[in-house]
Amino acid sequence: MKRFLSSVLGAMESKWLSLPSVCKDNHFFYIICAIKKAKLTLSTTLINKKAVTLRLKIIFAIEIMAEDAFKKIVSHCKEYGFVFPSSEIYPEGLAAVYDYGPNGVELKNNIKKYWWDSMVLLHNNIVGIDAAIFMNPTVWKASGHVDAFNDPLIDNRDSKKRYRADNLIEDQIAKYEEKIDKEVKKAAKKFGDAFDEKKFRETNPRVLEHQKKRDALHARYTAAMQGPDLEELRQIILDEGIVDPISGTKNWTDVRQFNLMFSTELGSTAGATNKIYLRPETAQGIFVNFLNVQRTTRQKLPFGIAQIGKAFRNEIVARQFVFRMREFEQMEMQFFCQPGTEMRWFEYWKKARLAWHEGLGMGDDNYRFHDHEKLAFYAKAATDIEFKMPFCFKEVEGIHSRTNYDLSQHEKFSGTKMRYFDPDKNESYVPYDVETSIGVDRMFLSVMCHAYQEQQLENGTSRVVLSLPAALAPIKCAVLPLVNKDGLPEKAQEIQDNLKFHFTTHIDAKDSIGKRYRREDAIGTPYCVTVDGQTLEDNTVTLRHRDTMEQERISISDLHAIIGDRVSITSLLKRLANDIKDL
């Protein structure tokens, strides 16, 4: 018990230190001190029931802090019209399904436009399509979804919680890697400039021990996933002593497979229906249209096909708000290239996609690559771009080298030749494919999590502000008449009528000007234009900046020039084009 609690406390302290700033309100700072004290107590006293209770409270306090920060974001999304729970007027609602409100749909559409334009405007060899949700059911047989689109799930009998068995094992692998990194960092700090990391990793006994355990587990896990061997996955969990994070017990059920596709019936009369599926991904609509797109656009390899659309998965473990839902939206691009060039394009798209994310200015250190431990049998490489959410780093985008598997499978099952005639080589072949796939809803959540801030101001007051990238903000400019009389509302309407053709604006005339500023801060409006008595005299207004709260007096005729470029997606795209031109 002592060893277990000590290891858990150490892990939780590391987790605390890695949490985003939104999770670290000043009044929680005492928890770090309490952890250190608890660890000291563990080494000097016997464990008794009271001590165990105290330490567990500390452990769960840190988890609760991250959860509370996330709950604040979820609550904010509902209060300010970003996201609503689906069917909320009914007592039972509908779990893991959400509706986007007025501000949410604007933010979401801006994200999609930034992605779409970055693909089809910045690349002459990428075109778009919008494929149907319903497809011939043999499509999903060819893609492997009918037979293999399953998650290995395991339940803990004590907590009644359900987990993906592969995720539990991958987390255990990550723990060994974290132990290795901890030893390396400790040694680097001790030896300074004289530190030889390569030699240390090859000779240090503790590093070698952790690496041996990590490699053995990884090899065993990889072999078990090939089948997958469900009994072996459960045995790995037991042998590694993996405990349920809620109950702390190892009382696991057998591992079972769950198919994630929704099915329905197509047909109008009983006995004459066919079973079809709601698509679990948008990619297959691109693959089956490869020939149509190539012939009608006369594209030469390499070229890409982009698509934004809904997908559906019967997630058994749907959680974390819009991060994992049963109905979600994807932005995917399949890039077709000559066999043998796929890894060069894989590296290109890794860099290009990371540049797209970093172009939003949400902090380069909040992103990282995570290479897949297990690959599909047909894949050559796969990596995720992860973003630091309040709960931990989480995948928002995947880049995959899929070889020619998908087109070859559709050729096999349909009987149609999915070939490209290469005029330079004077031969036909099935192209290879590199995929980039990003979840719109996950991207939306990462933007909201980063933007949400609770600020203490110098005058002793506080405010909640969404520091959204200006180009993504739902409303770019709010026009606020100082009072709702004396001709100011009419002047405000005149200003809005001139600006609304360039970017989204609205008028807010209710409540005091201070309350209106706070309301605009809370929905992420970058600029507020205040119309007052002086405006009627000299056609000037007060322009307020969201992030700094600074105000300046400018002419109405200058509003479009000053605001337009700062809130334009075009400005983002120009910077992105410059960043990727030499990749």
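Everything below is about the structure shown above.
Attention here is on the structure that accompanies the text.

What counts as what
Residues numbered from 1 in each chain as written. Predicted model: local features only at pLDDT ≥ 70, side-chain atom pairs only at ≥ 80, totals over all residues. Heavy atoms only, no water. Helix = DSSP H or I, 4+ residues; strand = E, 2+ residues; numbered from the N terminus. Buried < 20%, exposed > 50% of the residue type's maximum accessible area, 1.4 Å probe, protein only. Contact = heavy atoms within 4.5 Å. Areas by Shrake-Rupley, 256 points an atom, 1.4 Å probe, with all protein chains shown as cover. Disulfide = S-S within 2.5 Å. Expected span 1.5 Å × (residues − 1). Pairing = 2+ DSSP bridges. Axes fitted to C-alpha atoms, helices over the stretch in contact; angles between N-to-C directions. Arc of directions from axis to C-beta. Polar contact = N/O pair within 3.5 Å; in protein donor to acceptor, adjacent residues only side chain to side chain. Core = buried A, V, L, I, M, F, W, Y, C linked by side-chain atoms within 4.5 Å. Salt bridge = Lys/Arg side-chain N within 4 Å of Asp/Glu carboxyl O.

## Digging into the overall build of the protein
Scanning the protein for helices and strands turns up 20 helices and 23 strands. The buried share of the protein, reckoned over its 583 residues, is 47%. Pairs at least 24 apart in sequence give 66% of the contacts found in the protein among residues at least 6 apart. Roughly 29100 Å² of accessible area belongs to the protein as shown, and the carbon and sulfur atoms make up 51% of that amount.

## Examining the state of the cysteines
In this structure the tally under the stated criterion is 0 disulfides. Left without a disulfide partner, Cys477 is nearest to the cysteine sulfur of Cys528, which lies 7.3 Å away. Given a relative accessible area of 1%, Cys528 falls into the buried group.

## Let's talk about helix 4 (residues 102-120)
At 3.6 residues per turn, the α-helix brings residues three or four places apart onto the same side. A rise of 1.5 Å per residue sets the reference length of helix 4, with its 19 residues, at 27 Å; its end C-alpha atoms lie 27 Å apart and thus fit the reference within 8%. When helix 4 is considered as a whole, its buried residues turn out to be Asn103, Gly104, Leu107, Lys108, Asn110, Ile111, Lys112, Tyr114, Trp115, Asp117, Ser118 and Met119.

## Digging into the pairing of strand 10 (residues 327-337)
The buried fraction of strand 10 amounts to 10 of the 11 residues, a majority that puts the element mostly inside the structure. Here 10 bridges tie strand 9 (residues 303-312) to strand 10, and the two strands are oriented antiparallel to one another. Its bridge partner being in strand 10, Gly309 is matched across the sheet by Gln330. Here strand 10 pairs with strand 16 (residues 432-439) via 8 bridges, running antiparallel. Of the residues in strand 16, the one forming a bridge with Phe335 is Val434.

## Things to note about the sheet that holds strand 22 (residues 540-545)
The sheet built from 5 strands is open, its strands ordered 20-19-21-22-23 with mixed pairing. Each edge of the sheet is formed by a strand with only one pairing partner; in this case those strands are strand 20 (505-507) and strand 23 (551-555). Across the sheet, the mean angle separating the axes of adjacent strands is 25 degrees when strand polarity is ignored. Where strand 21 (residues 527-531) lies against strand 22, 4 bridges are found, and the strand directions are antiparallel. Within strand 22, the residue paired with Thr530 across the bridge is Thr542.

## Here's the deal with helix 10 (residues 230-239)
The set of residues buried in helix 10 consists of Leu233, Ile236 and Ile237. Down the axis of helix 10, the buried set is contained in an arc of 100 degrees. They therefore lie on one face. For helix 10, the secondary structure elements touched by its buried residues are strand 4 (150-155), helix 7 (165-191) and helix 9 (205-226). For helix 10, the N-terminal capping position is held by Asp229, with its side-chain oxygen 3.3 Å away from the main-chain nitrogen of Glu231. One or two residues past the end of helix 10 sits Gly241, with phi positive at roughly 65 degrees.

## A few points about the side chain of Thr535
Mapped onto the fold, Thr535 is located in helix 18 (residues 533-538). Given the relative accessible area of 0%, Thr535 is considered buried. Only 2.8 Å separates the side chain of Thr535 from the backbone oxygen of Thr540, close enough to count as a polar contact. Those residues in contact with Thr535 that lie beyond four places of it in its chain are Lys491, Thr530, Thr540, Val541, Arg553 and Ile556.

## Some thoughts on the nonpolar core
Across soluble globular proteins, nonpolar side chains have a tendency to be buried as a group. Core analysis: the largest hydrophobic core is formed by 66 residues, its most contacted members being Phe82, Leu107, Tyr114, Trp115, Trp349, Phe444 and Met448. Counting residues in each nonpolar core, the second largest holds 18 residues, with Val127, Phe303, Leu407 and Val430 among its members.

## Regarding the pattern of salt bridges
Once the charged atoms of two side chains with opposite charge are near each other, the side chains can pair. Here the structure, examined in full by the defined rule, presents 36 salt bridges. For Lys108, the salt bridge goes to Glu329, with nearest N and O atoms at 3.0 Å. With a gap of 221 residues between them, Lys108 in helix 4 and Glu329 in strand 10 connect regions that are remote in the sequence. Overall, Lys108 belongs to the buried group, its relative accessible area being 6%. Judged by relative accessible area, which is 9%, Glu329 ranks as buried. Linking Asp155 and Arg256 is a salt bridge whose minimum nitrogen-to-oxygen distance equals 2.6 Å. Here Arg256 lies in strand 6 (residues 256-259) and Asp155 lies in strand 4, a separation of 101 residues in the sequence. Given a relative accessible area of 39%, Arg256 falls into the partly exposed group. The network of salt bridges with common partners includes Lys108, Lys112, Glu329 and Asp441.

## Focus on the sheet that holds strand 6
Spatially, 3 strands are ordered 5-4-6 in an open sheet, and the strand pairing comes out antiparallel. Looking at the sheet topology across the chains shown, the edges are occupied by strand 5 (162-164) and strand 6. For this sheet, the mean angle separating the axes of adjacent strands, direction not counted, is 45 degrees. In this sheet, strand 5 lies alongside strand 4 in antiparallel orientation, the contact comprising 3 bridges. From the neighbouring strand, Asp155 faces strand 5, where its bridge partner is Arg162. Sheet contacts for helix 7: strand 4 and strand 5; angle to strand 5, the most-contacted strand, approximately 65 degrees.

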